[in-house]
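What the coordinates show
Listed below, chain by chain, are the residues.
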Amino acid sequence: MIPVHLLRALERDLVPFTAYIELTRRCNWSCRHCFIHGESGFGGRELGTAEALDALVRLRELGTLFLSITGGEPTLRADLPAIVRRARELEMAVMMMSNASLIDEKMAAELAGAGLYEVQVSILGSNPETHDGLSGVKGSCEAAWRGVRALKRSNVHVIVKTPLMRQNFDEVGAIHRQASDLGLHHIFSPVLFPRHRDDRAIEEMRLDDGQMADAMRLWQGLNEGQEPPEGVDAERPALRRPCKAGVTSMVVGATGEVLPCPGSHLSAGSIRSASLKTVWREAELFGRLRGIRVPDEYALPGAKTAIQNFFCPILSHLETGDLARQSREAERFNRILARTVDEGPVREMDCGH
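Okay, so let's go over this structure. All values derive from a computational prediction rather than experimental measurement. Each chain carries its own residue numbering, running from 1 in the written order of its sequence. Since the coordinates come from a predicted model, pLDDT governs what is reported: local features require at least 70, and pairs of side-chain atoms require 80 or more to be given and counted, while whole-chain, interface and lining totals use all residues. Side-chain descriptors were evaluated using all non-hydrogen atoms of the structure, hydrogens and water having been removed beforehand.

Turning our attention to unusual backbone geometry. When glycine is set aside, most residues are seen to have a negative phi, and most peptide bonds are trans. At the junction of G71 and G72, the peptide bond is cis and its omega measures out at 20° in the coordinates. Labels follow the DSSP assignment, with helices taken as runs of H or I lasting at least four residues and strands as runs of E lasting at least two, numbered in each case from the N terminus. Turning to its location among the elements, G72 is positioned in the loop between β2 (66–70) and α3 (80–89). One non-glycine residue, L14, lies in positive phi territory at about 55°. Positive phi values are uncommon outside glycine, yet A100 reaches one of about 65°. Inspection of the secondary structure assignment puts A100 in the loop between β3 (93–98) and α4 (105–114). A relative accessible area of 0% places A100 in the buried class. Remark: exposure states derive from per-residue accessible area (1.4 Å probe, protein chains only) relative to the maximum for the residue type, with buried under 20%, exposed over 50%, and partly exposed in between.

Our focus in this paragraph is the side chain of S98. Mapped onto the elements of the fold, S98 is located in strand β3. Residue classification places S98 among the buried positions, given a relative accessible area of 5%. Side-chain atoms alone can form a polar contact between residues adjacent in sequence; in general such a contact is a pair of N or O atoms within 3.5 Å, and within protein one must be able to donate a hydrogen while the other accepts it. Within the local environment of S98, its side chain forms a polar contact with the side chain of E73, the two groups lying 2.8 Å apart. Polar contacts involving the side chain of S98 include one to the main-chain amide nitrogen of A100, which spans 2.8 Å. When residues no more than four places from it in sequence are discounted, the contact partners of S98 are E73, T75, I103, V119, Q120, V121 and S122. We call two residues contacting when some pair of their heavy atoms lies within 4.5 Å.

A few words now on the pattern of salt bridges. Proximity of charged atoms lets side chains of opposite charge pair with each other. Take a side-chain nitrogen of Lys or Arg and a carboxyl oxygen of Asp or Glu: if they are within 4 Å of each other, that pair is a salt bridge. Applying the stated rule across the entire model yields 24 salt bridges. The salt bridge partner of R86 is E89, with a shortest N-O separation of 3.3 Å. Of this pair, R86 and E89 both sit in helix α3, three residues apart, which is roughly one turn of that helix. Taken together, the salt bridges that share partners define one network made up of E203, R206, D209, E319, R328, E329, R332 and R335.

Rendered as structure tokens:
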């Protein structure tokens, strides 16, 4: 755990101590809820091995300590072990987001040998019918769990991750038990990011208000006795930055674009036309993000308690076209959480990134 005073210093000095490198936008699944294939407008060839390795050096020079490898599906890249190994040589802690369906014993051992610490694996349902229906690929459920077991045997830390939606909500408890039976931690998020403005398909997949409230209660029940999430100070200012995207975190995208967060379709610039340091320090988009301030707390009229305000500028832009305007989904999340907190203790959940 990073001390609060150090977190504040990193934020003050704009050190991107956490970063993502998106190795590809290709994927062997076609998930119905995935925001990667939105109307980003990004084109061009993927970063080559040399470009990706150089990006790691530039991230480390800026102060990155924690690196997440993402996609698409990063295991589609043959140079993945070399990229993991180089990040470890640069003394970064390396984790990966993957569906794990392409990971066999050989790949798991190779990634572990390269220094991969953790993999967050997407499990979309407790049974093949639900999971494969959401992934769009028959056999994906079995393949994902096979990859999970291979990683576990190679002593790679595995977290099972489930995006909650109407189609799998009734199975979250069963998925939690499946993960627990293997000694794995299970996390879930009820916040789905749209692929573009007016994304009706995502609207129809989001939890209804009752399910959202139940998810918040379930979070408390599954995590009883554990420490609450970090990041909430005892003495919080009246206004705060809404998130760390563009402040202490960024993404190097698959074709060289530099993004605030994995869910964003907004580019701050490209490492193919400017140095990463210049984009990070001088991009107008990052400047706008760093200037946003929001109320620190949210409370319903007449409520007994207040919650930490959930505000995501990227979600706001996707829904409203304005980074600083609260999105409908974040407002709904806050309203339901505030009401549920008044009914009894629950833990706050993040945006899932």
